[in-house]
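# Breakdown of the fold
One letter stands for each residue in the lines below.
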2 protein chains.
Amino acid sequence: MANTRARPADAAGPRRANLALLLRTLQHHGPASRARLAVLAGLSKATVSQLVADLVARRLVRLGGAAAGGAGRPGQLVELRPAAVCGIGLDIAADHLGAVALDLTGAVVARRWLARDVPALAPDRALDELAAVAEATAAEVAGAGGWVAGLTVATPGLVDVDSGVVRLAATLRWREVAVADALAARTGVGLDRIAVDNDANLGALAEHARAGQSPDHRPAAPDRPETSTVDDLLYLSGGVGVGGGLVANGELVRGAFGFAGEVGHMSLDPMGPYCSCGRRGCWETQVGVRALVHAAAMPDDPIRDPLLGVEQRLEVIRSRVRAGDRRTVAALQQIGSALGAGVAILVNALNPAQVVLGGYFAALHDWLVEPVRIEMASRVLAPEAASTPVVAARFGFDAARRGGAYAALRRVVDDPTLAPVSAEQATEAPA
Amino acid sequence: MANTRARPADAAGPRRANLALLLRTLQHHGPASRARLAVLAGLSKATVSQLVADLVARRLVRLGGAAAGGAGRPGQLVELRPAAVCGIGLDIAADHLGAVALDLTGAVVARRWLARDVPALAPDRALDELAAVAEATAAEVAGAGGWVAGLTVATPGLVDVDSGVVRLAATLRWREVAVADALAARTGVGLDRIAVDNDANLGALAEHARAGQSPDHRPAAPDRPETSTVDDLLYLSGGVGVGGGLVANGELVRGAFGFAGEVGHMSLDPMGPYCSCGRRGCWETQVGVRALVHAAAMPDDPIRDPLLGVEQRLEVIRSRVRAGDRRTVAALQQIGSALGAGVAILVNALNPAQVVLGGYFAALHDWLVEPVRIEMASRVLAPEAASTPVVAARFGFDAARRGGAYAALRRVVDDPTLAPVSAEQATEAPA
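Owing to the predicted nature of the structure, the values given are computational and were not obtained by experimental measurement. (Residues numbered from 1 in each chain as written. Chains lettered and ligands numbered in written order. Predicted model: local features only at pLDDT ≥ 70, side-chain atom pairs only at ≥ 80, totals over all residues. Heavy atoms only, no water.)

Right, let's get into the sheet that holds strand β8 (residues 158–160) of chain A. All names here are of chain A. With antiparallel pairing, the 3 strands of this open sheet are ordered in space as β8-β9-β10. Each edge of the open sheet is held by one strand with a lone partner, namely β8 and β10 (174–178). Across the sheet, the axes of successive neighbouring strands diverge by a mean angle of 10°, strand direction being ignored. Across 4 bridges, the pairing between strand β9 (residues 165–169) and β10 is antiparallel. Following the sheet pairing, L168 is matched in β10 by R175. (Pairing = 2+ DSSP bridges. Helix = DSSP H or I, 4+ residues; strand = E, 2+ residues; numbered from the N terminus. Axes fitted to C-alpha atoms, helices over the stretch in contact; angles between N-to-C directions.)

With 97 residues, the main nonpolar core has A:L236, A:W283, B:L236 and B:W283 as its most contacted residues. Contact partners of A:W283, with chain neighbours within four places excluded, come to A:L236, A:V242, A:V263, A:G264, A:M266, A:L268, A:A338, A:L339, A:G342, A:V343 and A:L346. (Core = buried A, V, L, I, M, F, W, Y, C linked by side-chain atoms within 4.5 Å. Buried < 20%, exposed > 50% of the residue type's maximum accessible area, 1.4 Å probe, protein only. Contact = heavy atoms within 4.5 Å.)

Right, let's get into the pairing of strand β4 (residues 85–93) of chain B. Residues and elements named next belong to chain B. The buried fraction of β4 is high, at 9 of 9 residues. Residue alternation in β4 divides its side chains into two sets, V85, G87, G89, D91 and A93 and C86, I88, L90 and I92, and both sets are buried. Note: β4 against strand β5 (residues 96–103), 8 bridges, orientation antiparallel. Looking at β5, one finds that G87 is bridged to L102. The hairpin turn running from β4 into β5, its antiparallel successor, is 2 residues long.

Attention now moves to the packing of aromatic side chains. Residue and element names in this part refer to chain A. Per the stated rule, a full pass over the model turns up 2 aromatic pairs over all chains. Pairing Y360 with F361 gives two aromatic rings, centres 4.8 Å apart and planes at 50°, and the pair type is tilted. As far as the burial class goes, Y360 and F361 line up, both buried. (Phe/Tyr/Trp six-rings, centres within 6.5 Å; stacked < 30°, edge-to-face > 60°.)

Another point: the packing of helix α2 (residues 34–41) of chain B against helix α3 (residues 45–57) of chain B. Residue and element names in this part refer to chain B. Two elements in contact, α2 and α3, have axes whose closest approach is 9 Å; the angle formed by their N-to-C orientations is 110°. With respect to α3, the axis of α2 lies roughly perpendicular. Every pair of crossing elements has a handedness; the one defined by α2 and α3 is right-handed. For the pair α2 and α3, the contacting residues are R34, A35, L37 and A38 in the first and K45, V48, S49 and V52 in the second. Looking at the contact of α2 with α3, its residues break down into 5 nonpolar, 1 polar and 2 charged. (Parallel < 35°, antiparallel > 145°, perpendicular 65-115°, else oblique. Left-handed = near helix turned anticlockwise from the far one by under 90°. Nonpolar A, V, L, I, M, F, W, Y, C, P; charged D, E, K, R; others polar.)

Here we come to unusual backbone geometry. Residue and element names in this part refer to chain A. One non-glycine residue, R59, lies in positive phi territory at about 60°. By secondary structure assignment, the location of R59 is in the loop between α3 (45–57) and β2 (61–66). Residue R173 is not a glycine yet carries a positive backbone phi of 60°. In this structure, R173 sits in the loop between β9 and β10.

For the rest of this paragraph, the subject is the environment of B:R36. Residue and element names in this part refer to chain B. With respect to the element layout, R36 can be found in helix α2. A relative accessible area of 45% means that R36 is categorised as partly exposed. Separated by 41 residues in sequence, R36 and L77 place their C-alpha atoms 9.4 Å apart.

Moving on, we come to helix α5 (residues 179–186) of chain B. Residues of α5(B) that are buried: B:V179, B:A180, B:A182, B:L183 and B:A184. Structurally, α5(B) contributes buried residues whose contacts are with β4, α4 (123–143), β7 (147–155), β9 (165–169), β10 (174–178) and β11 (194–198) of chain B.

This part is about the sheet that holds β5(B). Residue and element names in this part refer to chain B. As summarised here, the arrangement of the 5 strands in space is β6-β5-β4-β7-β11, forming an open sheet in which the pairing is mixed. Sheet topology places β6 (108–115) and β11 at the edges, where each strand pairs with a single neighbour. Neighbour-to-neighbour, the strand axes of the sheet open up by a mean angle of 15°, direction not taken into account. Sheet contacts for α5: β4, β7 and β11; angle to β11, the most-contacted strand, approximately 145°.

What follows covers the pattern of salt bridges. Evaluated as defined, the whole model comprises 37 salt bridges over all chains. The salt bridge involving B:D128 is made with B:R186; its shortest N-O contact spans 2.6 Å. Of this pair, B:D128 sits in helix α4 while B:R186 sits in helix α5, and the two are 58 residues apart along the sequence. Connected through salt bridges with shared partners, the residues A:D91, A:R111, A:D398 and A:R401 form a single ionic network. (Salt bridge = Lys/Arg side-chain N within 4 Å of Asp/Glu carboxyl O.)

Here the focus is helix α1 (residues 14–29) of chain A. All names here are of chain A. In a regular helix each residue adds 1.5 Å, so 16 residues correspond to 22 Å; α1 covers 22 Å between its end C-alpha atoms and thus fits that length. Burial in α1 covers these residues: N18, L19, A20, L21, L22, L23, R24, T25, L26, Q27 and H28. A positive backbone phi angle near 80° is found at G30, which sits one or two residues after α1. (Expected span 1.5 Å × (residues − 1).)

What follows covers the side chain of A:T137. Inspection of the secondary structure puts A:T137 in helix α4 (residues 123–143). Within the structure, A:T137 has its side chain in polar contact with the backbone oxygen of A:V133 (distance 2.7 Å). (Polar contact = N/O pair within 3.5 Å; in protein donor to acceptor, adjacent residues only side chain to side chain.)

With that settled, the discussion passes to the environment of A:L191. Residues and elements named next belong to chain A. Note on placement: L191 falls in the loop between α5 (179–186) and β11 (194–198). Classification of L191 as partly exposed rests on a relative accessible area of 46%. Expressed as a C-alpha distance, the spacing of L191 and D181, which sit 10 residues apart in the sequence, is 6.9 Å. Setting aside residues up to four positions removed in sequence, L191 forms contacts with A180, D181 and A184.

Before going further, it helps to spend a moment on the environment of B:P123. All names here are of chain B. You can see P123 is positioned in helix α4. Put simply, P123 and A182 are 59 residues apart on the chain and 10.0 Å apart in space, counted from C-alpha to C-alpha. Once residues within four sequence positions are removed from consideration, P123 is found in contact with W174 and V177.

Given below as structure tokens:
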């Protein structure tokens, strides 16, 4: 018997939903009086006053200065409480471990970054280090008076989100690594507050939250993708591997087993070079970092030095192309065309509102975007789709861990009653 | 300022939502007593009784025989009223005009099919004929005592769903044809009840509604995609052109301008043959009907005769392959491999729970599926995704118009108050 997912309208937890609505309204509109919140949220003033008291008790919001304008007595402004609740995004990549803690306003409360040769470490050892990074970051949040809503770990490759297991991450040389369990065992954070997800999915989440902000708006606030004004987005993360994060109808597309977005392994040239996955002609053999280095550098070129960090290699490439170095210019042209050929396939299939180039593609966006646009113009059927904007990821190499922090915060944004009621709230003066 | 789409929980129209919930419950579970409906829907018995009275007045349900089993007095069964409310799906293709009317139980109430050389007609003339088909179908629905919820027209190509305009349909030789306006002007049906959509999108909708039904269930009922148990589906429609309909997270993926699913124009071989769109190497040049005929038939072969209908040509091909004709076997192998190569790209990107082969692919599924599976197994990264089931569309060439009828019914399923209150309800005896 098919399971009807629909629920009766009166069983939806209206109080929880209304608390969530107020938080999202404050994220989008900034500080506001209770009267203004009532208008924005379509609730009565009495209801808003009760809900705000609850959010204050949970230290999610605070009462600030007087609201300006309007008739009658000025009301106090309700505002998100900085640093009070944080989500921590962690990431593991071939060359580093990283962490960022974001609060409800989108501000960075803590940040960690460690250069590590992760494939050379045993997974257990890497997870020891990741747990230490997580605990140091959580301690910093606690030191600032904050509560950690949860941890989300970004990794490359195939992730089983339900179990928190990395099934296969070729660039890490990981197979069947139970990341969530390992972190729960090594930290004081419960398994229900730990998640693991594909780095391109989380990058898409971060960039999608950003895409919903109008240009004149405050910095991107962590939020539900559903509130974005861009409902369909294709995020591509360029590294040794190439990953995709797809947003359709305002939601991340995970697919049946959570393995959507493996666009780096689209087979575009069966006679092409071998890929790390063992197949031939995968898209990432044409547009991954190795293809770039191969095209841009002679065998003795210093940018081939694997000890050089990716940022430094990219800086050398940028300075060469600025100086008009022919080999580098031709290499970026070649990579850009191959990137555009794959993007055109995905744009014909998905018609996103934006293509967001992340990872190293973002760092070289200025030179890649033109050949990408040319290929799209010649290969995409619908004229509007053929001119889909191709933008650089705002958060560059930071996008995946930032998306992880958003995902961790989202639990509390969706259900503010998860935040504990503070003992000190009754005695605390407004800021 | 970003527009927050979230609404307060108490403004969601609970009565309308609960009427819709009861209808969907009856669609999924079949006839039930009011007491059973209350349990299934999670509503009080008093509320259910009120709601059922409303649905009876709108002729959407009727009270039938006594419910079996349970303690106490048996209650009357509430059941969907056959033929009372119908959605009409129309389709325009290169070789025909068609229509089907479905009621809330999924039963066919009326059907029309006219062979026509549509590209040879002026669009105005074709729309005259389509309007006549729509009116004859609506008259049949009215004759059976039914009310027409709306009309949805399926066409190939790029459709602007908001305006009901076919932007470009190369196989019809249509460009900028205002189909919805034309039908409203030619029939008694208001513009608010007429929709136009891409045929592969509507085919995906029909097959998705079917995918949600367990095998032992009654025939597929028209329903919201959200109630399906298959949330991610890739539907491919094989014809002269090849279209895709994508369902992700239980919703049709339309993309930013509604042009998602143009998978027939994925450029897979830049040195390949020219496509009707003017580009080279589009997937449909490898797997469309013309590629099949080219591979399977010598120049003087009778199956090349364009006067032969597609069903007849397919029957000849099926009989030849059953007889072991080498050229036909090799042709299906070639088409299947090319189909699999493109499917593998989409499966890496989207990880659907099912790939549904529609149109002529469905008619030749038995011979195409093996080469498709072989290509998927060798080209898809995640092992679970590499073995994604590849099934024949249940509705074959009927899927698009059936999806159109579902779409038209969905307005009323989502908001049962759109159905008029009948004057005769008070005097009518239970069936």
